Amino acid sequence: MDQEKRNQRSIDPATLAMLDRAEAEGLETAWDRHDRQEPQCGFGLLGLCCRNCNMGPCRIDPFGGEPQKGVCGAGADTIVARNLLRAIAAGAAAHSDHGRDIVEALLHASTGQSPDYQVKDRDKLAALAGELDIAVEGRSAEEIAADVAQAALEEFGTRKGTLAFLNRVPEKRRETWSKFGLTPRGIDREIVEVMHRTHIGVDNEYVNLILHGLRTALSDGWGGSMWATELSDVLFGTPEPVEGVSNLGVLQENEVNIIVHGHEPTLSEMIVAAARDPELLELAQSKGAEGINVCGMCCTGNELLMRHGVPVAGNFLQQELAIITGAVEAMVVDVQCIMPALTSLADCYHTEIISTSPKAKFPGAKHVPFEEEKALQIAGEIVKIAVEGYPKRNPERVFIPKEKMEFVAGFSVEAILSALGGSLDPLLDAIKEGSIKGIAGIVGCNNPKITHDHGHVTLTEELIKADILVVETGCTAIASAKRGLLLPEAAQKAGPGLRAVCEALKIPPVLHMGSCVDISRILVVAAAVANALGVDISELPLAGAAPEWMSEKAVSIGSYVIGSGIFTVLGTVPQVLGSENVAALLTEGANDVIGAAFAVETDPLKAAVLIVEHISDKRSKLGLP
Ligand code: SF4
Ligand code: MSK
């Protein structure tokens, strides 16, 4: 591969070193497979193909020629809107089903069915119980947890007609939702209704479709994702500032390396515990290893990092590269963002891919079904498989890049409040007097369509320079961690106002708030700031961005973020440009309905300009300097 093409793949030296290694070994990665997909289907890129019934597949000519209608008569607006809705539904379902699993884990913990799990944060449990009108006085944590879990389960197929966490939403926003029929009624209900409406011959009016798409996404942000976050905190502990290390250099040459990858904390929490078992450590030593090194990848990594400081081996596009180090005994996967390519790649090494969820099997993987009832025992079995694989490692094929970077994570809402001295006031004062101009949430994936980590890091650096406090989750946060932006010292790269605030509070200018579902933490902060100022979220100097997004979950996230009133810049082009009407509604018309819209800008420097301008516009409308 020529140097120019190689360097366009990533800005991360560890990633580039591993791509060279892959090429030398004749191994393919997502970047190679992406190249082989070129040119990608033009109809698909524009959202203009439909497979919703068996009279199709149908496609619309984007240049105005024939055909302009599918067999049923659906035109570009309907087809593009329906495709977008199905992506939102898939993303909302992924987050919310994860949320439901956590709710059930809490329920089983409360009844003693899964004895390895206990309530870790009783204060948070009590606070949630208060929000849900559940009695606390004189009751055990288990009794309260059982009631909270039952109330949470009710949110999925609710008959109450609305979601509990809407009490956190500023009144003006709730009025807007109510006026336009956007108030989510129940998590499962909205997702099911997307599938109904997008069936042939149901909803064919693009505005009506998109309004329901926003409602569905809001049921994710203020429902499924928020429950996942809140109850993970109850079960596993609410994150507090914690030090960690990131990038492939966290893999250890002389230890058993286990990577936990995916999204759910339930199993990975137990893997961390099992890896400390003296018997397993002794077994590892008997196999010639100096220890057992559990590292995270993607959002399972973020969950563990936020609560235990477990090292993070990398973000989405680094999952294959971790295996190519030749130093990974087992990659243990649960759900979401796990490439099916991993198993054939692992066949070239001694690495065992271990799937654990009944919802996610992978041809070629070893399946060890995870059961909460025997969580620690199963985690121990998995760790044992990894340990026993250590002697099969071929030291001559081991290549671990040296890059790794320290960082500070763990910024839950509670941790931010504590850093501020217990109240939002110092943050509000800093925003009001202009030392912090505003807050930007940067989130999302990697995508081989654009240079790995470049979008995340460039946008983050530009915004902190402009005195904008950045909060991050998911693969963005891992990109920033690798770049040193999650260290308090990174305040030196910030503008003078933000730098002074960070130095006074001893916090980084970029706060890692967790995994993809933890974007709900960002919503909670936004709502709390709006409530404190007595305004709508859409009036605040806030912005969102997803510079390298690729997943359907990101489509749902972007939609609930604008639905919550926050302007959002997308760094990869969504598949909606086949309908001028849909694109105009999402980028302009939405402003008139929900007070926020999307922008699409693939250049992160220009995206930063858009965000700075937006924040400055919001500040002047609020009369702030
Ligand atoms: Fe074609 Fe209409 Fe069927 Fe879609 S729903 S495949 S546009 S006939
Ligand atoms: S893991 S959804 S690649 S952020 Fe949450 Fe990363 Fe995107 Fe998956």
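Since the model is a prediction, treat every value here as computed from it, not as a measurement. (Residues numbered from 1 in each chain as written. Chains lettered and ligands numbered in written order. Predicted model: local features only at pLDDT ≥ 70, side-chain atom pairs only at ≥ 80, totals over all residues. Heavy atoms only, no water.)

Participant: It is not clear to me how the site of ligand 1 should be interpreted in this structure. Could you clarify?
Facilitator: Every residue lining ligand 1 is accounted for by C50, N52, C53, M55, G56, C58, G70, V71, C72, I79, R82 and I200. One can see that ligand 1 is located within the largest cavity. Here the residues of the shell around ligand 1 are counted per class, giving 8 nonpolar, 3 polar and 1 charged. When residues are assigned to domains, the shell around ligand 1 turns out to be shared by domain 1 (8-59) and domain 2 (76-236), each giving three or more. (Near = heavy atom within 4 Å. 1 Å grid on protein atoms, 1.4 Å probe; cavity = no way out; pocket = protein on both sides within 12 Å on 5 of 7 lines; lining within 4 Å. Sits in = over half its atoms within 2 Å of the grid points. Nonpolar A, V, L, I, M, F, W, Y, C, P; charged D, E, K, R; others polar. Domains from an automatic or database assignment.)

Participant: Would you take a moment to explain the nonpolar core for this structure?
Facilitator: As a rule of thumb, nonpolar side chains are buried together in soluble globular proteins. Within the largest apolar cluster, 171 residues are counted, with the highest numbers of intra-cluster contacts made by V148, W222, W227, L231, I271 and I611. Ranked by residue count, the leading element in this core is helix α5 (residues 76-110), at 16 residues. Each residue touching L231, except ones within four places of it in the same chain, is listed here: I102, V103, L106, L128, V148 and A152. (Core = buried A, V, L, I, M, F, W, Y, C linked by side-chain atoms within 4.5 Å. Buried < 20%, exposed > 50% of the residue type's maximum accessible area, 1.4 Å probe, protein only. Helix = DSSP H or I, 4+ residues; strand = E, 2+ residues; numbered from the N terminus. Contact = heavy atoms within 4.5 Å.)

Participant: Just checking my understanding: could you explain the pattern of salt bridges for this structure?
Facilitator: Opposite charge on two side chains permits them to pair, given that their charged atoms come into close proximity. Across all of its chains, the model carries 43 salt bridges by this definition. Across the pair R6 and D20 runs a salt bridge, and its minimum N-O distance is 2.7 Å. With a gap of 14 residues between them, R6 in helix α1 (residues 3-9) and D20 in helix α2 (residues 13-25) connect regions that are remote in the sequence. Among the ionic pairs, D233 bridges to R521, the shortest N-O distance being 2.8 Å. Of this pair, D233 sits in helix α10 (residues 206-236) while R521 sits in helix α22 (residues 519-533), placing them 288 residues apart in sequence. As far as burial versus exposure is concerned, D233 and R521 are alike and both buried. Among the ionic contacts, a cluster of salt bridges with common partners joins K124, E131, R168, E230, D233, E303, R307, E414, D518 and R521. (Salt bridge = Lys/Arg side-chain N within 4 Å of Asp/Glu carboxyl O.)

Participant: Looking at this structure, how should I read helix α20 (residues 474-482)?
Facilitator: Each α-helix turn comprises 3.6 residues. Residues three or four places apart therefore point the same way. Counting buried positions over the 9 residues of α20 gives 9, a clear majority of the element. Remark: G484 follows α20 within two positions and exhibits a positive phi of approximately 85 degrees.

Participant: Explain the state of the cysteines here, please?
Facilitator: Every disulfide links exactly two cysteines, by a covalent bond between their sulfur atoms. By the definition in use, this model includes 0 disulfides. Not part of a disulfide, C41 finds its nearest cysteine sulfur in C49, a span of 5.5 Å. (Disulfide = S-S within 2.5 Å.)

Participant: Would you mind showing me how to read empty space enclosed by the protein here?
Facilitator: Take a probe with the size of a water molecule and roll it over the atoms, and the empty space left behind shows itself. Across all of its chains, the model carries 6 cavities of 30 Å³ or more by this definition. Of the voids in this model, the largest cavity is the one considered here, and its volume is about 90 Å³. Taken together, 14 residues line the largest cavity, and the ones lying closest to its centre are C50, C53, C58, C72 and R82. Of the residues belonging to the lining of the largest cavity, the class tally is 9 nonpolar, 3 polar and 2 charged. Domain assignment of the residues forming the lining of the largest cavity places at least three in each of domain 1 (8-59) and domain 2 (76-236). Approximately 70 Å³ is the volume found for the second largest cavity. (Points joined across faces, edges and corners; volume = space filled by probe spheres on them.)

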